[in-house]
Amino acid sequence: MLYTGSYKKTHFELDCGEYTYKVIPLYMTKYRSEDVFAIVKRKTAQNEILNDEDFANLAMTPVMSGNISKKETILAALSYIKNYQSESANRVTAILFAFADKFLNMEELSEVKEMIYMTRLGQMLVNDGIEKGIEKGIEKGIEKGKAQENEDMCSLIRNLLDSNRIDDLKKATEDKTYCLKLKKEFNI
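Not measured: the values here are computed from a predicted model.

## Some words on the overall build of the protein
Looking only at helices and strands, the protein has eight helices and four strands in total. Of the regular secondary structure in the protein, the N- to C-terminal order runs β-β-β-β-α-α-α-α-α-α-α-α. Across the 188 residues that make up the protein, the buried fraction comes to 30%. A total of about 13,200 Å² of accessible surface is found on the protein, and carbon and sulfur atoms cover 54% of it.

Next comes the structure, spelled out in structure tokens:
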């Protein structure tokens, strides 16, 4: 069981008569975020690659004790992983954003969002958003184009019927070029 915040001691055994359930409590306040940052900073300075344990520790820094704010803790952790292009780095980014969403106000969350944009995961999310936006724009454009085409055809049909030009109407349904010529004639 993982405990964060002010938990110092909890019950870790539940006696249910025939069965007794035990959990191993892990108090995150026993760990200091500054210690994790010191290790990662040393490794980074020596050009060592961070391992999965380093990534896991960075992910948990927001729920560890420390002398810096949650926002600064999250930003510091993100600054160490922003240049990594791995699944571990992406997972840590997602975890840190989840903590940011839980612990920070909107203004602080906005600062964290800016830092996340600089990570590989952030860039992937931005690119996906742009791609989806383009797709939606194309779909809406096609829908509008079809609606306008239908409106134009209705207008052409109305004008041809009002002018009693049935033969032209019939020819327009069979010949696209002739249809375009008629639209031009009626300023459609």
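## Description of the packing of helix 7 (residues 166–174) against helix 8 (residues 176–185)
Contact geometry for helix 7 and helix 8: axes closest at 6 Å, N-to-C directions at 130°. Viewed along their axes, helix 7 and helix 8 adopt a mutual orientation that is oblique. For the pair helix 7 and helix 8, the crossing hand works out as left-handed. When helix 7 is examined against helix 8, the residues Asp168, Lys171, Ala172 and Glu174 are found in contact with a partner set consisting of Lys176, Tyr178, Cys179 and Leu182. Taken together, the residues of the contact of helix 7 with helix 8 sort by class into four nonpolar, no polar and four charged.

## Considerations on the pattern of salt bridges
All told, the structure shown has eight salt bridges when counted by the stated rule. For Arg42, the salt bridge goes to Glu48, with nearest N and O atoms at 3.6 Å. With relative accessibility at 40%, the residue Arg42 sits in the partly exposed group. When its relative accessible area of 33% is taken as the criterion, Glu48 is described as partly exposed. For the salt bridge of Arg165 with Glu185, the shortest nitrogen-to-oxygen distance reads 2.5 Å. Linking Arg165 in the loop between helix 6 (120–162) and helix 7 with Glu185 in helix 8, this pair joins segments that are 20 residues apart in sequence. Taken together, the shared-partner salt bridges connect Lys71, Glu72 and Glu111 into one network.

## Things to note about the side chain of Ser33
Inspection of the secondary structure assignment puts Ser33 in helix 1 (residues 33–45). The exposure class of Ser33 is buried, given its relative accessible area of 1%. Among residues more than four places away in sequence, those in contact with Ser33 are Thr61, Met64, Ser65, Gly66, Ile68 and Thr73.

## Some remarks on unusual backbone geometry
Even without being glycine, Asn47 reaches a positive phi, approximately 55°. Its location among the elements puts Asn47 in the loop between helix 1 and helix 2 (52–60). For Asn164, which is not a glycine, the phi torsion comes out positive at approximately 55°. With respect to the helices and strands, the residue Asn164 is situated in the loop between helix 6 and helix 7.

## Observations regarding the packing of helix 1 against helix 2
Each packed pair of helices is defined by two parameters, the angle between the axes and the distance between the axes. The interhelical angle for the contact between helix 1 and helix 2, taken along N-to-C directions, is 140°, at an axis separation of 10 Å. Regarding the angle of helix 1 to helix 2, the classification is oblique. Judged by the sense of rotation from one axis to the other, the crossing of helix 1 with helix 2 is left-handed. Contacts from Val36, Phe37, Ile39, Val40 and Lys43 in helix 1 reach Asp54, Asn57 and Leu58 in helix 2. Within the contact of helix 1 with helix 2, the residues separate by chemical class into five nonpolar, one polar and two charged.

## A few points about the nonpolar core
In a soluble, globular protein the nonpolar side chains are often hidden away together inside. By size, the foremost hydrophobic cluster in this structure holds 27 residues, and its most contacted members are Leu58, Ile74, Leu78, Ile81, Val92, Leu96 and Val112. Counting residues per element, this core draws most heavily on helix 3 (residues 70–81), at seven residues. Look past the residues within four positions of Val112 in its chain and what remains in contact with it is Ile74, Leu75, Leu78, Phe97, Ala100 and Leu104. In terms of nonpolar packing, the next biggest core, distinct from the first, is built from seven residues, Leu160, Ala172, Cys179 and Leu182 among them.

## Points about the confidence of the model for the protein
For the protein, mean pLDDT is 85; residues scoring 70 or higher make up 88% of the total. When the elements of the protein are averaged for pLDDT, strand 1 (residues 2–3) gives the smallest value, 57, and helix 1 the largest, 95.

Calculation rules
- In every chain, residue numbers begin from 1 and rise along the written sequence.
- With pLDDT at 70 or above as the cut-off, local features in this predicted model cover only qualifying residues; side-chain atom pairs require 80 or more to be listed or tallied, and sums for whole chains, interfaces and linings still use all residues.
- Remark: hydrogens and water are excluded; side-chain values derive from all non-hydrogen atoms of the structure.
- Helix and strand definitions here come from DSSP, where helices need a minimum of 4 consecutive H or I residues and strands a minimum of 2 consecutive E residues; each element is numbered from the N-terminal end.
- The buried label applies to any residue whose accessible area, calculated with a 1.4 Å probe on protein chains only, is under 20% of its type's maximum; exposed applies above 50%, and partly exposed to all values in between.
- Accessibility throughout is a Shrake-Rupley quantity obtained with a 1.4 Å probe, and a residue counts as covered only by protein chains that appear here.
- Fitting a line to C-alpha atoms yields each axis, with helices limited to the stretch in contact; the angle taken between N-to-C directions then spans 0 to 180 degrees.
- An angle counts as roughly parallel when it lies under 35 degrees, as roughly antiparallel when it exceeds 145, as roughly perpendicular when it falls between 65 and 115, and as oblique in every other case.
- For a crossing to be left-handed, the near helix must be turned anticlockwise from the far one by less than a right angle; the clockwise case is right-handed.
- Note on contacts: a residue pair qualifies if any of its non-hydrogen atoms lie within 4.5 Å across the two residues.
- Each residue is assigned to one of three groups, with Ala, Val, Leu, Ile, Met, Phe, Trp, Tyr, Cys and Pro labelled nonpolar, Asp, Glu, Lys and Arg labelled charged, and all others, Gly among them, labelled polar.
- The term salt bridge refers to a side-chain nitrogen of Lys or Arg lying within 4 Å of a carboxyl oxygen of Asp or Glu.
- In plain words, nonpolar cores are sets of buried Ala, Val, Leu, Ile, Met, Phe, Trp, Tyr and Cys residues tied together by side-chain atoms within 4.5 Å.
- Per-residue confidence from the predictor is reported as pLDDT, a score between 0 and 100.

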